[in-house]
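Coordinates in review
In case you want the letters, here they are:
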Amino acid sequence: MIQTEGITKSFGNLQVLKGIDLTIDKSEMVAIIGPSGAGKTTLLQIIGTLDSPDSGRLTINGTETGLLKDKELAAFRNRNIGFVFQFHQLLPEFTALENVMIPALIAREKPAVAEKRAKEMLDFLKLSDRMSHKPAELSGGEKQRVAVARALINNPAVILADEPSGSLDTKNKEELHALFFELREQMKQTFVIVTHDEQLASSADRVIHIKDGVVSE
Ligand SMILES: Nc1ncnc2c1ncn2[C@@H]1O[C@H](COP(=O)(O)OP(=O)(O)O)[C@@H](O)[C@H]1O
Ligand SMILES: [Mg+2]
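Now for a look at the structure at hand. Computed from a predicted model, the values in this text were never measured in an experiment.

What follows covers helix α4 (residues 111–124). The α-helix winds at 3.6 residues per turn, so residues separated by three or four positions along the chain end up facing the same way. If you check α4, its first and last C-alpha atoms are 20 Å apart, about what 14 residues at 1.5 Å a residue would give, namely 20 Å. Among the residues making up α4, those that are buried are Ala 114, Ala 118, Met 121 and Leu 122. Buried residues along α4 cover an arc of 95 degrees about the axis, so they all sit on one side. For α4, the exposed residues set more than 90 degrees away from the buried face come down to Ala 112 and Lys 116.

Structure below.
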């Protein structure tokens, strides 16, 4: 479902990725691990089409993303990729419900439909009584669950998460990881997760190790 072929990326004269070949199947949960500075975030940004490789090919759901024009790529990203970052990156001026609705509105969903679906997602993530709160009024774990709801709203082909539990305490971390596995079981959701958490990595279907710009499994 996701395929990378020979992806390279340099910043100045630092070559971070030296030819990354990966195949990730539908409903697979893949953990990416590796030392700090190894290029994990760079790779995730490239898989998420937020950054482009210097060379190589990325194919998601049969679409070769390098062939899309900017506008097409933005629409493709909006519909196919959900992001969860270490620090939620919710918009502070908007409520939890509004934050979750935004990707659906960008996808030109009718507001009433977007709202209904956002409420269902928040309900599924046990946040029904938090919907009208702004991020500052939510706990760290709640904010991260709102970010997961936002990532899910357009029913993406894949969720990309970059150290999603990196800023959570043990209890919230375990809850978030349990949620990922629940989504994988119930919705066949595909995940690619960069993590330092050994427990999460060891429960994933596959662990990809990035070191010196290449992968080893
Ligand atoms: N936009 C950028 N400009 C210059 N250097 C960068 C940029 N992004 C990342 N790097 C460098 O590339 C290397 C890999 O970074 P990153 O992908 O963030 O690693 P990781 O997520 O594995 O810790 C690091 O040495 C980092 O400093
Ligand atoms: Mg990183």
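Here we come to the nonpolar core. One finds Leu 122, Val 146 and Val 148 to be the most contacted residues of the largest nonpolar core, which totals 37 residues. Breaking this core down by element, the ones donating at least two residues are β3 (29–33), α3 (96–106), α4, α5 (140–152), β7 (158–162), α6 (170–187), β8 (190–194) and α7 (198–203). Ranked by the residues each element gives to this core, the list is headed by α5, at six residues. Look past the residues within four positions of Val 146 in its chain and what remains in contact with it is Leu 90, Ala 96, Asn 99, Val 100, Leu 122, Leu 127 and Leu 138. In terms of nonpolar packing, the next biggest core, distinct from the first, is built from 25 residues, Ile 7, Val 16, Val 30 and Ile 60 among them.

Sizing a probe to match a water molecule and rolling it over the atoms shows the empty space that remains. Its boundaries defined by the atoms lining it, the largest pocket holds a volume of some 560 Å³. Residue lining of the largest pocket: 23 residues in total, with Arg 77, Asn 78, Ile 81, Pro 103 and Ile 106 positioned closest to the centre. Of all elements in the fold, only α2 (70–80), β6 (81–84), α3 and α5 reach the threshold of two or more residues within the lining of the largest pocket. For the lining of the largest pocket, the leading source of residues is α2, giving five residues. Considered class by class, the residues forming the lining of the largest pocket number 14 nonpolar, five polar and four charged. Here the second largest pocket is characterised by a volume of approximately 190 Å³. Top element by residues in the lining of the second largest pocket is strand β4 (residues 55–60). It accounts for three residues.

Turning our attention to the sheet that holds strand β2 (residues 14–24). As summarised here, the arrangement of the four strands in space is β2-β1-β4-β5, forming an open sheet in which the pairing is antiparallel. Of all the strands in the sheet, the pair left with one neighbour each is β2 and β5 (63–64). Packing against the sheet, helix α1 (residues 40–47) makes contact with β1 (2–11), β2 and β4, and its axis sits at approximately 55 degrees to β2.

Right, let's talk about the side chain of Asn 154 for a bit. Residue placement: Asn 154 occurs in the loop between α5 and β7. Within the local environment of Asn 154, its side chain forms a polar contact with the backbone oxygen of Asn 78, the two atoms lying 3.1 Å apart. A polar contact of 3.0 Å, which involves the side chain of Asn 154, links it to the backbone oxygen of Pro 103. Beyond its immediate sequence surroundings of up to four residues, Asn 154 is in contact with Asn 78, Arg 79, Pro 103, Ala 104 and Ala 107.

Parameters and conventions
- Residues numbered from 1 in each chain as written.
- Chains lettered and ligands numbered in written order.
- Predicted model: local features only at pLDDT ≥ 70, side-chain atom pairs only at ≥ 80, totals over all residues.
- Heavy atoms only, no water.
- Helix = DSSP H or I, 4+ residues; strand = E, 2+ residues; numbered from the N terminus.
- Expected span 1.5 Å × (residues − 1).
- Buried < 20%, exposed > 50% of the residue type's maximum accessible area, 1.4 Å probe, protein only.
- Arc of directions from axis to C-beta.
- Core = buried A, V, L, I, M, F, W, Y, C linked by side-chain atoms within 4.5 Å.
- Contact = heavy atoms within 4.5 Å.
- 1 Å grid on protein atoms, 1.4 Å probe; cavity = no way out; pocket = protein on both sides within 12 Å on 5 of 7 lines; lining within 4 Å.
- Points joined across faces, edges and corners; volume = space filled by probe spheres on them.
- Nonpolar A, V, L, I, M, F, W, Y, C, P; charged D, E, K, R; others polar.
- Pairing = 2+ DSSP bridges.
- Axes fitted to C-alpha atoms, helices over the stretch in contact; angles between N-to-C directions.
- Polar contact = N/O pair within 3.5 Å; in protein donor to acceptor, adjacent residues only side chain to side chain.

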